[in-house]
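Report on the structure
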Amino acid sequence: MSDCSKLGDIEAGKENATPLDAAVQAFMKTMDPFGMVTSQMDTQMAWWQHPQAFWRAADEFANDMAALYSHAMRRSLGLSADDIYVPNASDARFAEPIWTESAPWDILKEWYLTMTSRLQKLSLEAPGLSDHERHRAAFWQRNFLNMLSPTNFFWLNPRAMAQYSKTQGESVRQGLKNFARDVEAKNILMVEPDAFTVGKDLGTTPGKVIFRNRLVELIHYAPTTDKVRKMPILIVTPWINKFYILDLTAKKSLVKYLTDQGFSVFISSWINPTADMHDVRFDDYLLEGVSELVRVVTEFCKVPQLHLVGYCIGGTLVATYMAWANKRYAADKLPVAHWTLFTSLTDFSQPGEINIFIDEACLDALDDMMSKKGYLDGTEMAASFRLLRSNSLIWNYWVSSYLLGEKLPPFDVLFWNVDATRMPQAMHSYYLRQMYLYNNLVKPDVLTIGGESIDLGRIHQSLYAVTAEEDHIAPWKPCYQIRKYIHPDASVRFVRSTSGHILGVVNPPVSPPKRAYWVAEPTHSEDAEHWLARADKKPGTWWDDWTAWLHQRTGEMVGAYATSSRKYPALADAPGTYVMEK
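Residues numbered from 1 in each chain as written. Predicted model: local features only at pLDDT ≥ 70, side-chain atom pairs only at ≥ 80, totals over all residues. Heavy atoms only, no water.

A word on the overall build of the protein
As a reminder of what qualifies: Every helix listed is a DSSP run of H or I at least four residues long, and every strand listed is a run of E at least two residues long, numbered separately from the N terminus. Note on exposure labels: buried denotes an accessible area under 20% of the residue type's maximum, exposed denotes more than 50%, and partly exposed covers the range between, all computed with a 1.4 Å probe on protein chains only. Any pair of residues with heavy atoms lying within 4.5 Å of one another is described as a contacting pair.
Within the protein, the secondary structure is distributed over 21 helices and 17 strands. Across its three principal directions, the C-alpha atoms of the protein cover 80 × 65 × 50 Å. Put simply, the protein has 582 residues, and 54% of those count as buried. Once local pairs closer than 6 in sequence are excluded, the contacts in the protein between residues at least 24 apart make up 79%.

Quick notes on the packing of helix α3 (residues 38-48) against helix α7 (residues 131-147)
Going by this rule: Between N-to-C directions, angles cover 0 to 180 degrees, with each direction set by a line fitted to C-alpha atoms, over the stretch in contact for helices. By definition, any crossing whose near helix is turned counterclockwise from its far helix by less than a right angle is left-handed, and any crossing with a clockwise turn is right-handed. Here the term charged refers only to Asp, Glu, Lys and Arg, the term nonpolar to Ala, Val, Leu, Ile, Met, Phe, Trp, Tyr, Cys and Pro, and the term polar to all other amino acids, Gly among them.
Where α3 contacts α7, the two axes come as close as 9 Å, and the packing angle between them is 115°. Considering how the two elements wind past one another, α3 and α7 form a crossing that is left-handed. Two secondary-structure elements touch here, α3 through Ser-39, Gln-40, Asp-42 and Thr-43 and α7 through Glu-133, Arg-136, Ala-137, Trp-140 and Gln-141. Residues that form the contact of α3 with α7 fall into these classes: two nonpolar, four polar and three charged.

As for unusual backbone geometry
For the bond from Ser-511 to Pro-512, the omega torsion is 0°, close enough to zero to count as cis. Within the fold, Pro-512 resides in the loop between β13 (492-497) and β14 (516-520). For the bond running from Ala-574 to Pro-575, omega is 10°, close enough to zero to count as cis. Note on placement: Pro-575 falls in the segment after β17 (572-573). Positive phi, normally seen in glycine, also occurs at Lys-186, with a value near 60°. Relative to the helices and strands, Lys-186 is located in the loop between α9 (170-185) and β1 (207-212). Of the residues examined, Lys-186 reaches a relative accessible area of 78% and is grouped as exposed. The phi dihedral of Cys-312 is positive, around 60°, even though this residue is not glycine. Locating Cys-312 in the fold gives a position in the loop between β6 (306-311) and α12 (313-328). When its relative accessible area of 15% is taken as the criterion, Cys-312 is described as buried.

Brief notes about the sheet that holds strand β12 (residues 462-468)
Keep this limit in mind: The pairing criterion is simple: DSSP has to find at least two bridges between the two strands.
Pairing is mixed in the open sheet, where eleven strands are placed in the order β15-β14-β13-β12-β7-β6-β4-β5-β2-β1-β17. On the outer flanks of this sheet lie β15 (536-539) and β17, each paired with one strand and no other. Judged from the four bridges that link them, strand β4 (residues 233-236) and β6 form a sheet pairing that is parallel. Across the sheet, residue Val-236 finds its bridge partner in β6, namely Gly-310. In this fold helix α21 (residues 542-551) packs onto β4, β6, β7 (336-342), β12, β13, β14 and β15, with an angle of close to 175° to the strand it touches most, β12.

A closer look at the nonpolar core
Where we set the bar: Buried residues of nine kinds, namely Ala, Val, Leu, Ile, Met, Phe, Trp, Tyr and Cys, make up a nonpolar core once their side-chain atoms join them within 4.5 Å.
In terms of nonpolar packing, the biggest core is built from 93 residues, with Leu-234, Leu-308, Tyr-321 and Trp-339 touching the most fellow members. When residues in this core are grouped by element, the largest group, ten residues, is from helix α11 (residues 282-301).

Topic: the confidence of the model for the protein
Applied cut-off: Residue-level confidence of the predictor is what pLDDT reports, using numbers from 0 through 100.
For the protein, the mean per-residue pLDDT works out to 93, and 95% of the residues sit at or above 70. Confidence drops under a pLDDT of 50 for residues 1-15, and excluding neighbours within four residues, the segment shows 26 contacts in the predicted structure.

Quick look at the packing of helix α4 (residues 51-76) against helix α6 (residues 103-124)
How we decide: Should an angle fall under 35 degrees it is called roughly parallel, over 145 degrees roughly antiparallel, and 65 to 115 degrees roughly perpendicular, with every other angle called oblique.
Put simply, α4 and α6 touch, their axes get as near as 10 Å, and they point 170° apart. Taken together, the axes of α4 and α6 are roughly antiparallel relative to one another. Contact residues: Ala-57, Glu-60, Phe-61, Asp-64, Met-65, Leu-68, His-71, Ala-72, Arg-75 and Ser-76 in α4; Ala-103, Asp-106, Ile-107, Glu-110, Trp-111, Thr-114, Met-115, Arg-118, Lys-121 and Leu-122 in α6. Classifying every residue of the contact of α4 with α6 by side-chain character gives ten nonpolar, three polar and seven charged.

Details of the side chain of His-428
Checked against the element boundaries, His-428 lands in helix α17 (residues 425-437). The buried category is assigned to His-428, whose relative accessible area is 6%. Those residues within four positions of His-428 in sequence are excluded, and the remaining contacts are Met-370, Leu-376, Met-381 and Met-423.

Details of the state of the cysteines
By definition, a disulfide links the sulfur atoms of two cysteine residues through a covalent bond. What counts here: By convention in this document, the label disulfide applies to cysteine sulfur atom pairs within 2.5 Å.
This model, assessed by the stated rule, comprises zero disulfides. Left without a disulfide partner, Cys-479 is nearest to the cysteine sulfur of Cys-312, which lies 9.0 Å away.

What about a nonpolar patch on the surface?
Our working definition: Each patch is built from residues that are more than 30% exposed by relative accessible area and take part in no salt bridge. Like charges join if they lie within 9 Å; nonpolar side chains (Val, Leu, Ile, Met, Phe, Trp, Tyr) join within 5 Å. Every accessible area reported is derived by Shrake-Rupley at a probe size of 1.4 Å, with residue values counting cover from the shown protein chains alone. Salt bridges are identified by distance alone: a Lys or Arg side-chain nitrogen within 4 Å of an Asp or Glu carboxyl oxygen.
On the surface, a cluster of nonpolar side chains totalling about 420 Å² of accessible area is made up of Phe-144, Met-147, Leu-148, Phe-153 and Leu-156. By the element assignment, Phe-153 lies in the loop between α7 and α8 (158-166).

Thoughts on the pairing of strand β2 (residues 216-221)
Most of β2 is tucked away, with six of its six residues classed as buried. A two-sided burial pattern is seen for β2, the buried positions comprising Val-216, Leu-218 and His-220 on one face and Glu-217, Ile-219 and Tyr-221 on the other. Two elements, β1 and β2, share five bridges in a ladder whose sense is antiparallel. Following the sheet pairing, Val-209 is matched in β2 by Ile-219.

Quick look at the structure:
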């Protein structure tokens, strides 16, 4: 039974509630809305209430203890011993050879990994609980156990002690300075705040802001070829972060790559909302955002249609717009010819680990938090995402900054990642409930947005969809479900890239290739695993495949469009003004 269900039960029986019930309700709502404590209590109670399962688990735990004792004895006697627990290949905490070669450090590592593995197994297999409750309990427990890793403590980290000796104590002195820096910043920093300057180091592709309203600026990038495809490309970026992830540096910029390939490229740059925008809705992002941008771009280029691209939550909005537009416009008047999605969810039934924050109790707590400020602060959202990968996004920096005394690396993607934006209260509350909690976007005509009922099945325009193999924000299999929900006759080319949510998209051509991708056209009823089994795996980046697909569909080559026009004069140089707002 989830926390929100328990709250509902208490509410339903309020007239018969005991003082203990009232105390539990108050605690859960005010002190533990995300189930950090109650999930652990529920798991323990579940095991006590199922004695047969409890004794089986106790027997398995005893076997672990015996294996650990045997391992420790063999290593202590100088004998070889197999690992009891083989760490995940992505877990770099114990990658140093000393953790295997030195008996004392190997014993410590095995005790920690085996115990944490067993405790996680107990949480994930707790009898009588729902999958949601088990995963929530395991999530919070895993974050606590990650904190207790021996690598996070100076005297239990051989690398930190060796660094102290090598630098004659300078690593510790620098670590204390780094700690003081982060205390002042109220965060464990991943990159120095002044490591880059947007418009100087990042987001440098030339262009002009040609449209601005209260929500968004529209940037048109200067052409780099004499001729361009007649049909322009409009990219709708996520407003959960700033747009320049698609224009980081000259070598990594997707928009520069597209202009160099002979496309006319426009991109959205969303405002960073303040408290007075608390009532901005998801409808507003569709009507004043993507719909207005489509209108301006087609008017600017004097064309009836464009190619529309959406990334992350921008892709969810684009999918919503496509359903909206297919209801709003006659078939021969629809201003989008075809579209592309980058790592975008439309089916939220399995949204990945972020689901542990999705139930009524958690969303009520977020509503209360947002109501005090009118928005959800970007740093609060970033903290949630860091918890999903706490070893690499929190404790890795704890060790490198404080124990090793290292300087923060000037990494452009990390700089972009911490350049946080805010979410308006009304929009974010609606989005989390209607999409994540109720999964209403895929239910025909359940949602009414921008004055139209939304049915993805009305979308018949060709789609190019990109996902990422290691994406934990928009997992590739749920993203694949867009094939199921749009019109059966719609043509779809589907890609799964290696890497994750960002580097699967920010994936420029390099030689030799760093990554690979799978690509094929799924049928309407084909499941994800069947598609993957027959898809072609190709080395390199999907960018080349996508631009080839675009060249076939975006019309003849015409003289390059001017960057601005009399009707849409330049309001500012790219990257614009909204991106600078903190």
